[in-house]
Amino acid sequence: MTRKTKTTLPPIVFDLLRNTGMPAAAALLAVSMYAPAIAQSPTDQIVTETIDFEKSDADATATARKMYGREFRVVQANRVWLEEPTDGYDQIVVRLGEARGCATGCYVAALYYDDKQWLEVWRMPGKTVGLGAVGVTGMKPIFDGRRLWQWSGTAYMAQPVPQERKNRTPTEEELKAATRVLKERFKGGSEPLEPSNVSAQDLNLKSGDEAAILISSTYYCGNSACPVVFLDGKKQVIDVVLAWGPDFSVIDERDENDRRMVEVATRDGVATYSLGEKEPRSVIEPMKITIAGQKR
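Definitions and limits used
- Residues numbered from 1 in each chain as written.
- Predicted model: local features only at pLDDT ≥ 70, side-chain atom pairs only at ≥ 80, totals over all residues.
- Heavy atoms only, no water.
- Salt bridge = Lys/Arg side-chain N within 4 Å of Asp/Glu carboxyl O.
- Helix = DSSP H or I, 4+ residues; strand = E, 2+ residues; numbered from the N terminus.
- Buried < 20%, exposed > 50% of the residue type's maximum accessible area, 1.4 Å probe, protein only.
- Arc of directions from axis to C-beta.
- Contact = heavy atoms within 4.5 Å.
- Polar contact = N/O pair within 3.5 Å; in protein donor to acceptor, adjacent residues only side chain to side chain.
- Pairing = 2+ DSSP bridges.

As for the pattern of salt bridges
Thought 1: The tally for this structure, following the rule as stated, stands at 13 salt bridges.
Thought 2: Salt-bridge contacts for Arg147 lead to Glu263; the nearest nitrogen and oxygen are separated by 2.8 Å. Placement of Arg147 in the loop between strand S7 (142-143) and strand S8 (148-151) and of Glu263 in strand S15 (residues 260-266) is noted, with a sequence separation of 116 residues between them.
Thought 3: Exposure remark for Arg147: the relative accessible area of 5% places this residue in the buried category.
Thought 4: Judged by its relative accessible area of 4%, Glu263 is buried.
Thought 5: For Lys235, the salt bridge is made with Glu174, and the minimal N-O distance between the two is 3.0 Å. Pair noted here: Lys235 is in the loop between strand S12 (226-231) and strand S13 (237-243) and Glu174 is in helix H4 (residues 172-185), with a separation of 61 residues, a long-range link. One exposure class covers both Lys235 and Glu174, and it is buried.

As for helix H3 (residues 58-68)
Thought 1: Inspection of H3 places Ala60, Thr61, Thr63, Ala64 and Tyr68 among the buried residues, and these make up the whole buried set. The buried residues of H3 occupy an angular sector of 160° when projected down its axis, which confines them to one face. Of the exposed residues in H3, those oriented more than 90 degrees away from the buried face are Ala58 and Lys66.
Thought 2: Tucked inside the fold, the buried residues of H3 contact strand S2 (74-79), strand S3 (91-97), strand S4 (107-113) and strand S5 (118-125).
Thought 3: The distance from a side-chain oxygen at the start of H3 to the backbone nitrogen of Asp59 is 3.1 Å, and the residue carrying that oxygen is Asp57.

A few points about unusual backbone geometry
Thought 1: Here the residue pair Gly245 and Pro246 is connected by a cis peptide bond, since its omega of -5° sits within 30 degrees of zero.
Thought 2: Positive phi, close to 60°, is recorded for Cys102, a residue that is not glycine.
Thought 3: Position of Cys102 relative to the elements: it lies in the loop between S3 and S4.

Thoughts on the pairing of S12
Thought 1: Burial runs high along S12: six of the six residues are buried.
Thought 2: Summarising the sheet, strand S11 (residues 210-215) and S12 pair through four bridges and their orientation is antiparallel. When the bridges of S12 are listed, Ile213 appears paired with Val229.
Thought 3: Where S12 lies against S13, six bridges are found, and the strand directions are antiparallel. Paired with Cys226 across the strands is Ala243, a residue of S13.
Thought 4: Hairpin connection, S12 to S13: the antiparallel pair is bridged by five residues, and Lys235 has positive phi, about 65°.

Here's the deal with the side chain of Ser274
Thought 1: Counting through the fold element by element, Ser274 comes out in the loop between strand S16 (269-273) and strand S17 (282-284).
Thought 2: Residue classification places Ser274 among the buried residues on the basis of a relative accessible area of 2%.
Thought 3: Among residues more than four places away in sequence, those in contact with Ser274 are Asp255, Met261 and Arg281.

See below:
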């Protein structure tokens, strides 16, 4: 396989890093505040390319087999672009299987050649993989069949599960409830909620008449996470959760109160909360980068 000489992985959000000293993951999330929330977009609007490995590339497969052949019986690879195309091929996706036909123990990995060695930048269980358009940090998002992973500049980070939700204008009662709880939360003062910096979404957390009030003003968000106010059907506050974007999803898993839990984007990864609890139940951390062929 032809490889073009490179010195670094794709550039991160340079201005944010240079001017604020912000970590790469935080820079990605800060930029996401000014773009439509990933979790609120249909998957078919995000994924532009799907690799199913029905046809594999002989050279790429031979390269991958040298690294994975001892551990996996099935090794199939295809050339891809994880970044903007250049005149060399140094990125591939690989399907790995423990049994013939990838019947069991099947994974897909994304590999990147950094001038010295092949790096495995992402791996998840599955038989196919989807790619989106090149993002602000220089690499394409990866879709594992359920959720999207965005490149932060240093690692692929999981995003809340995509869901189609429509924004609407909050009612006066919802605005009053949100304003009241934000005044309590932000002791140093508050800013009036206006149509330009607040929206509402209807949710089904338990009874089907709940709502989320999404705040996106720089006063409350700054270069950090934004508050999302969750209200019950009586417009009483259930909880306030901080989310980058603000991006969140309502998942099928329920807590002890039979209420569906929520995933939110954070600087540490995707956190799953039972509303009302201060600490998340779980966190999907950024994908660890390893030397290709090493066991995870």
